[in-house]
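# Overview (structure and organization)
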Amino acid sequence: MATALKVGVAGLGTVGAVLVAQVARQREALTARCGRAIEIVAVCARSRTKERGIDLKKMKWFADPVALARDPGIDVFVELIGGAGNPAKGAVEAALASGKSVVTANKALLARHGVKLAALAESKHVALNFEAAVGAAIPIVKTLREGMAGNSFDRIYGILNGTCNYILTRMEQDKMSFAECLKEAQRLGYAEADPSFDIDGHDTAQKLAILASLAFGTKVDQSAIYVEGISSITPADLSAADELGYRVKLLGVAVKTPKGIEQRVHPTMVRKDSAIAQVMGVTNAVTIDATDINPLTLVGPGAGGAATASAVLSDIGDIARGVRTAPFGRPTARLVSVRKAPMQRHEGGYYIRLVARDKPGTAATIAKRLAEQDISLESIVQRHDPAHLGRDTKAGSVPVILITYATSEDAVRKALAAVGRDRVISGRPQVIRIEKN
Ligand code: HSE
């Protein structure tokens, strides 16, 4: 039997503690599956005395993650610290530079420095594995990189943030406000320390940047992503979507277009009968549209200690077996810069909710401005029952919901700017893009 793989773990929060417990509990099965034992021999965390329910007595203790990363006693450095900067970045660089394979769950680090770190790993002939960085227990990284290595991809889209999906689900099912649902998600421990990171779409964008690179062979580039969060979504939008046969989800979408790769994160209307629309609560899902095969959707827990540790352990298992794959599926020299398709040129259907003045000529004015931009309407709903389509509606105004046929982002923005100048609406129009699925 080969010698045991010696692992050092930096970060003993929820994920690190579950990982240590899992390695102990699964010792025999892991040895049988990997052909050698996996041993956590060293750990590093902020507090040595904190009670974590795990036995650390036989492990070497480090206060400094960089010192752990350089320790000659380990073969693999597991980074569970988080954040794009130091100490996570310095420790990962130190581990790779000293010839150790790295396993990380750190989406922020990969979205910002993924290509550089992959190049360093490549030059040292070691692995840089990050299955846990996107969708936790969902094996989406391996699916794109290995399971579908022979496919070419047209579009990848997914629910990549459990907090947002939880909030939208509760708002829809229990008619609760955005603020109430966010508080609940925080209480349940789903949200990031700074919840704006979840609800403004940045967490989804980091994960999407990684998936887009794996799918399209591009350099990871978070700055190429158009990002909108969910804080403007109201129960009125969710009720209207429901009536029209849709659900609203925060999606990350990467799609190949003739103008380049479009990467966007925004609230999205999806048909209620689609696979992605069935995904409720904190669960994550990714749909893969590969050329010549029907779309496939992977669904599962996208956050939490056990789900994240499951992916980390699978990455460690690959290293134990001697499996090493280019981190982003091909050598870094072959990753191309993203040719970014501008958002203004995005094409698709749109949901538009306006609060219109209840006066003769208003509908005609709105219709004229849309026609000027060649926007054709699939449906138009106007209701005087404010409980139905907009509780916030003032006296003398009426909610109007428009669903357009495919048009461009530019046309919609120009038409709505003109409607605004016409003074026939109050407040800002609500615009939600519709994703075909
Ligand atoms: N805050 C994230 C979520 C955790 O809600 O999905 C996993 O990245």
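Given the structure is predicted, the values throughout are model-derived calculations rather than measurements.

### Describing the sheet that holds strand 6 (residues 128-129)
Taken in spatial order, the six strands of this open sheet run 3-2-1-4-5-6, and their pairing is parallel. Bordering the open sheet on either side are strand 3 (60-62) and strand 6, each of which pairs with just one other strand. Here strand 5 (residues 101-104) runs beside strand 6; their pairing, made up of two bridges, is parallel. Among the inter-strand pairings, V103 is bridged to a residue of strand 6, identified as N129. Packed on one face of the sheet, helix 4 (residues 88-97) meets strand 4 (76-79) and strand 5 and runs near 165° to strand 4.

### What about the domain arrangement of the chain?
The domains assigned to the chain are domain 1 (5-137 + 307-330), domain 2 (146-301) and domain 3 (344-434). Using C-alpha coordinates to define each centre, domain 1 is positioned 27 Å away from domain 2. Each side of the interface is counted separately: domain 1 has 17 residues, and domain 2 has 18 residues. Counting the surface lost from both domain 1 and domain 2, the interface buries some 1400 Å², and carbon and sulfur atoms represent 67% of this. Remark: the boundary between domain 1 and domain 2 carries one salt bridge. Residues D203 and K107 are paired through a salt bridge, measuring 2.7 Å at the closest nitrogen-oxygen approach.

### Let's talk about the side chain of K100
In this structure, K100 sits in the loop between helix 4 and strand 5. Comment: no salt bridge for buried K100; closest opposite-charge side chain is D71, at 7.1 Å. Looking at K100, its side chain comes within polar contact range of the main-chain oxygen of A69, at 3.4 Å. K100 has contacts with A69, R70, D71, P72, I74, D75, A95 and V126, leaving out every residue within four places of it along the chain.

Cut-offs applied
- Residues numbered from 1 in each chain as written.
- Predicted model: local features only at pLDDT ≥ 70, side-chain atom pairs only at ≥ 80, totals over all residues.
- Heavy atoms only, no water.
- Pairing = 2+ DSSP bridges.
- Helix = DSSP H or I, 4+ residues; strand = E, 2+ residues; numbered from the N terminus.
- Contact = heavy atoms within 4.5 Å.
- Axes fitted to C-alpha atoms, helices over the stretch in contact; angles between N-to-C directions.
- Domains from an automatic or database assignment.
- Buried area = accessible area lost by both parts, 1.4 Å probe.
- Salt bridge = Lys/Arg side-chain N within 4 Å of Asp/Glu carboxyl O.
- Buried < 20%, exposed > 50% of the residue type's maximum accessible area, 1.4 Å probe, protein only.
- Lys, Arg positive; Asp, Glu negative; His and termini not counted.
- Polar contact = N/O pair within 3.5 Å; in protein donor to acceptor, adjacent residues only side chain to side chain.

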